[in-house]
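Chain residues, written in single-letter form:
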Amino acid sequence: MRRRIEQQLIDWKSSPDRKPLLLNGARQVGKTYILEKWFGKNHFKNCIRVNLAQNASMVQTFEGDLKPQRIIEAIEATYGVNINPDETLIILDEIQKSGRALMSLKMFCEEAPQYYVAAAGSLLGVKIKQDESIYPVGKVKNLDLYPMDMEEFLWATGREELADQIREHFRDMSPMPEASHKAALEAYRQYLVVGGMPEAVLRYSTSGSIIDAAESQMDILKDYMADTTQYATESESVKIRACYNSIPSQLSKENLKFQYKVVRKGGTASIFGASLDWLKYAGLIYQCDMVDSAFLPLKAYVDPSDFKIYMNDVGLLTQHSGMPAQLLLSEIEVDNTFMGGMTENYVAQALTAAGHKLYYWKNENVGEVDFVIQGDTGVIPVEVKKAIRTKSVSLNKFRQLYSSAIAIRFSKKNFGRIDDLHSIPLYAIFCLKAR
């Protein structure tokens, strides 16, 4: 299936000052497939994937000196191939299994930059957090792979022309033809159920069955929880799972601020803070930080005690929460607080995939704006509405308070613009790429 990261991989290959590539992303987002089956197959004569989770002898190889030539010779001997630096892609998969393998990327950067070396690991963020000394600072090119966004979902389900049409109308904020708008909203409702995990999307696009997609989602959720037992102590694993399992409850509240007491009665940051960090570094959740002032840079105004948590994929949220698929697929609006939280989760996922850091604004005396985006010259307020009712007191007050050049409202309404307020359909967030 077509992924947007493909062009970034091509650019990396042709870069004159190329460094080893480090592909980050949660388990099951397609890292191995995109590197081996697409990039290696289509852009190199040869491709060798060293799976460090399955090859103990190669893990042992990295325990010796990290001279690139010695490592290359070991790979050649193990896999029975000749490595031509101009024609071969070397993939170090599940690199979190060996801190020394991660450290070797520094040596490849400095002593053997002619080799094409790409590394990937699902729990890499957790591994680096445990031992930051193994990370080759400044010696790798980092790329992030997320679950498939709405545009990639449209590509995968044979609706490329609809995706192009959405981009065309985004450029001038002109309304989509009604038939196209309805078709895009239908695709959006499907996406809420299927989500963007590649296996779930592939099974859905092949069979058209929501049940097939759901089976993939259940397997992925089981794998996620299994990782907590493999990469955390037993007591830590219990707390990590408790935090993860609380997310649907967190999103069903009127106030979406993450509350430790929802995880467990009497819960506090000292008890569960490290567990949330584990989920974040594993790429299983996104954290949206609260700012109380809308000035640049937003990071300077973060209140670390106030934040929201979203799951990395809205389809997994649907499965994990037990939300009936038929309710989401129906054109009849579901009027409950969880649907609002689910819509925000979708927006958070889409903004993250588009390259935006997640922030929201809150002023106890004025109100709350769902998301704020850091622009080149100011802060852009973003309001999220789950349906077509779009009245918002907080957004108007924010605009008055900070004289925002533009404001954005995501809803099921068609494209439109009234003065500096841009109405963008929920299905079109992928167009809002960060600079």
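Before reading further, recall that the structure is shown in the block above.
We now turn to the structure provided with this report.

Conventions we followed
Once a new chain begins, its residue numbering starts again from 1 and follows that chain's sequence as written. The predicted origin of the model limits local features to residues at a pLDDT of at least 70 and limits the giving and counting of side-chain atom pairs to 80 or more, whereas totals for whole chains, interfaces and linings rest on all residues. With hydrogens and water excluded, all non-hydrogen atoms of the structure serve as input to the side-chain values. Starting at the N terminus, helices and strands are each numbered in turn, a helix being any DSSP run of H or I of at least four residues and a strand any DSSP run of E of at least two. Using a 1.4 Å probe on the protein chains alone, a residue whose accessible area is under 20% of its type maximum counts as buried, one over 50% counts as exposed, and one in between counts as partly exposed. Here a Phe, Tyr or Trp ring, Trp counted by its six-membered ring, pairs with any other such ring whose centre lies within 6.5 Å, and the pair is stacked when the planes are under 30 degrees apart, edge-to-face when over 60, and tilted otherwise. Here a strand pair is declared whenever DSSP counts at least two bridges between the two strands. Every axis corresponds to a line fitted to the C-alpha atoms, with the helix fit spanning only the stretch in contact, and the corresponding angles, defined between N-to-C directions, vary from 0 to 180 degrees. In what follows, salt bridge is the name for a side-chain nitrogen of Lys or Arg lying within 4 Å of a carboxyl oxygen of Asp or Glu. Cavities and pockets are defined on a 1 Å grid built over the protein atoms alone: a cavity is a set of grid points where a 1.4 Å probe fits but cannot escape, while a pocket is an open set with protein on both sides within 12 Å along at least five of seven lines, and lining residues are those with an atom within 4 Å of any such point. Grid points are joined across faces, edges and corners, and a volume is the space filled by probe spheres set on the points. Polarity classes work like this: nonpolar for Ala, Val, Leu, Ile, Met, Phe, Trp, Tyr, Cys and Pro, charged for Asp, Glu, Lys and Arg, and polar for all others, with Gly in that last group. Oblique is the label for any angle not covered by the other classes, which are roughly parallel (under 35 degrees), roughly antiparallel (over 145) and roughly perpendicular (65 to 115). For a crossing to be left-handed, the near helix must be turned anticlockwise from the far one by less than a right angle; the clockwise case is right-handed. Any two residues whose heavy atoms approach within 4.5 Å at even a single point are treated as in contact. Note: the arc covers the axis-to-C-beta directions of the helix.

### A few points about the side chain of T61
Looking at the element boundaries, T61 is found in helix α3 (residues 56-61). According to the relative accessible area criterion, T61 is buried, its value standing at 14%.

### Concerning the packing of aromatic side chains
Scanning all chains against the criterion turns up 21 aromatic pairs. Between F39 and F44, the ring centres sit 5.2 Å apart and the planes meet at 90°, which makes this aromatic pair edge-to-face. Residue class for F44 comes out buried when judged on its relative accessible area of 8%. Between the aromatic rings of F398 and Y402, the centroid separation amounts to 4.9 Å while the plane-to-plane angle is 45°, which identifies the pairing as tilted. Of this pair, F398 and Y402 both sit in helix α19 (residues 393-402), separated by four residues, roughly a single helical turn.

### A look at the sheet that holds strand β11 (residues 379-384)
Sheet architecture is open: five strands sit in the order β10-β11-β12-β14-β13, paired in mixed fashion. Strand pairing shows two members of the sheet lacking a second neighbour, β10 (371-374) and β13 (416-418), which therefore form its edges. Ignoring strand direction, the axes of neighbouring strands in this sheet form an average angle of 25°. Examined bridge by bridge, β13 and strand β14 (residues 421-425) share three bridges and lie antiparallel to one another. Looking across to β14, one finds that G416 is bridged to S423.

### Details of the pairing of strand β8 (residues 359-363)
Consecutive side chains along a regular strand alternate between the two faces of the sheet. Within β8, four of the five residues are buried, which leaves the element mostly enclosed by the surrounding structure. Direction of pairing for strand β6 (residues 285-291) relative to β8: parallel, over a ladder of three bridges. For M290, the partnering residue across the bridge sits in β8 and is Y360. Pairing geometry for β8 and strand β9 (residues 367-369), over three bridges, is antiparallel. The partner of K362 across the bridge, within β9, is E368. The loop that links β8 with its antiparallel partner β9 comprises three residues.

### Topic: the pairing of β14
Judged by how many residues are buried, β14 sits mostly within the fold: five of five residues are covered. By the alternation rule, side chains of β14 split into L421, S423 and P425 and H422 and I424, which are all buried. Here strand β12 (residues 407-411) pairs with β14 via five bridges, running parallel. In the sheet register, I408 faces β14, and the bridge partner there is H422. The antiparallel pairing of β13 with β14 creates a hairpin that spans two residues between the two strands, and D419 there sits at a positive phi of about 55°.

### Looking at the pattern of salt bridges
On inspection of all chains with the given rule, the structure shows 22 salt bridges. Residue R167 is joined to E151 by a salt bridge in which the shortest nitrogen-to-oxygen separation is 2.8 Å. On the criterion of sequence distance, the pair formed by R167 in helix α8 (residues 160-172) and E151 in helix α7 (residues 150-156) is long-range, its members being 16 residues apart. Taking the relative accessible area as the measure of exposure, R167 reaches 23% and is therefore partly exposed. The partner of E333 in a salt bridge is K412, with the nearest N and O atoms 3.1 Å apart. In this pair, E333 sits in the loop between α17 (325-329) and α18 (337-353) while K412 sits in the loop between β12 and β13, placing the two residues 79 residues apart along the sequence.

### Regarding the environment of M290
You can see M290 is positioned in strand β6. Residues M290 and D306, 16 residues apart in the sequence, show an inter-C-alpha distance of 5.7 Å.

### Looking at empty space enclosed by the protein
Inspection of every chain in the model, using the stated rule, returns three cavities of 30 Å³ or more. Considering the residues around the largest cavity, the lining is formed by R189, L192, L327, L328, S330, I332, E333, V334, M339, K386 and K412. For the lining of the largest cavity, the secondary-structure elements that each account for two or more residues are α9 (178-194) and α17. For the lining of the largest cavity, the residue count by class is six nonpolar, one polar and four charged.

### A look at the packing of helix α11 (residues 210-230) against helix α12 (residues 234-245)
Between α11 and α12, the shortest axis-to-axis distance is 8 Å and the interhelical angle comes to 150°. Considering their axes alone, α11 and α12 lie roughly antiparallel with respect to each other. Viewed along their axes, α11 and α12 form a crossing whose handedness is right-handed. Here L221, Y224, M225, T228 and T229 of α11 lie close against α12, whose contacting residues are S237, I240, R241 and Y244.

### Some remarks on α8
When α8 is considered as a whole, its buried residues turn out to be L162, A163, I166, H169 and F170. Mapping the buried residues of α8 onto a view down its axis gives an arc of 130°, with all of them on the same face. Across α8 from its buried face, at more than 90 degrees, point the exposed residues E161 and R171. Residues of α8 that are buried sit in contact with α7, α9 and β14.

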